[in-house]
Amino acid sequence: GLNDVMDTIKEHASEQNIAVVGSHVVGSIPLQALIKAADHYIEKENVFLIKEQQKIRFIIDRLGLNSVSEFKPESKVIEYVLGVNRHGPLQSSTVQQFVESVGSRTSTPGGGSVSALVTALGLALGQMTGWMTYGSKKHDTAEKTITTILPVLHKTIDQITPLIDADAMAFSN
């Protein structure tokens, strides 16, 4: 991956007493390549990051992708360039639009979609509490538990939110 390339370059440069100050991506790059490299450095440096955007900013910094020219993910990451929307129409709607859809004279969205949203919101409240506790000296004994629970909450939210649309689609089909 990208991290292997950068680590190899830094190793060879170090042997020549040359500092590596950055790198540059020519063309576009898959999102997963950046996330995989970020995960490598997150583990290697024992950094606690969960969200995609945090990981993107982190790997831009670690690979020095802003050193030659500004690395703009929206114009360099393939999925962002193509506008790949990983969220369905209900999940992407505003709260007001969703509420109006539920209250409309249609059978979807219905109870399944609402349940998925309420579940995701409950998980998000748990995540909020974890983030507000994380790093607090008052709760430093809970940090290990929090760093275990937060990724699980994040992953579960990512698994639950698509069900907002999946229920409506299943009912419509």
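It should be emphasised that the depicted structure is a prediction, and the values quoted were computed from it without experimental measurement.

**Observations concerning the side chain of T133**
- Positionally, T133 belongs in helix 8 (residues 111-133).
- Take T133: its relative accessible area is 17%, and that puts it in the buried class.
- Sequence-distant contacts of T133, that is, excluding residues within four places in its chain, are made with H139 and I146.

**Some points on helix 10 (residues 162-172)**
- Turning to helix 10, its buried residues number three or more, namely I164, D165 and A168. One side of helix 10 carries all its buried residues, which in axial view fall inside an arc of 85 degrees.
- Those residues of helix 10 that are buried are in contact with helix 6 (89-92), helix 7 (95-102), helix 8 and helix 9 (143-160).

**Things to note about the environment of G122**
- As for its position among the elements, G122 is in helix 8.
- Owing to a relative accessible area of 40%, G122 belongs among the partly exposed residues under this scheme.
- C-alpha of G122 to C-alpha of L153: the two residues are 31 residues apart in sequence and 10.0 Å apart in space.

**Quick notes on the nonpolar core**
- Among the nonpolar cores identified, the biggest contains 18 residues, and L34, I59, L65 and F71 are the most heavily contacted of them.
- Counting residues per element, this core draws most heavily on helix 2 (residues 31-44), which supplies seven residues.
- Ignoring anything within four residues of it in the chain, the contact list for I59 reads L34, A37, A38, Y41 and L65.
- Among the nonpolar cores identified, the runner-up in size contains 10 residues, and L123, L153, I157 and A168 belong to it.

**Some points on the packing of aromatic side chains**
- Using the criterion set out here, one finds three aromatic pairs in the structure.
- On the basis of an interplanar angle of 45 degrees and a centroid distance of 5.1 Å, the ring pair of F48 and Y134 is categorised as tilted. Of this pair, F48 sits in the loop between helix 2 and helix 3 (52-62) while Y134 sits in the loop between helix 8 and helix 9, and the two are 86 residues apart along the sequence.
- Judged by relative accessible area, which is 29%, Y134 ranks as partly exposed.
- For the pair W131 and Y134, a centre-to-centre distance of 5.9 Å together with 85 degrees between the ring planes defines the contact as edge-to-face.
- Following the ring pairs from residue to residue traces out a cluster consisting of F48, W131 and Y134.

The rules behind the values
- Residues numbered from 1 in each chain as written.
- Predicted model: local features only at pLDDT ≥ 70, side-chain atom pairs only at ≥ 80, totals over all residues.
- Heavy atoms only, no water.
- Helix = DSSP H or I, 4+ residues; strand = E, 2+ residues; numbered from the N terminus.
- Buried < 20%, exposed > 50% of the residue type's maximum accessible area, 1.4 Å probe, protein only.
- Contact = heavy atoms within 4.5 Å.
- Arc of directions from axis to C-beta.
- Core = buried A, V, L, I, M, F, W, Y, C linked by side-chain atoms within 4.5 Å.
- Phe/Tyr/Trp six-rings, centres within 6.5 Å; stacked < 30°, edge-to-face > 60°.

Functional significance is not addressed by these values, which are geometric in nature.
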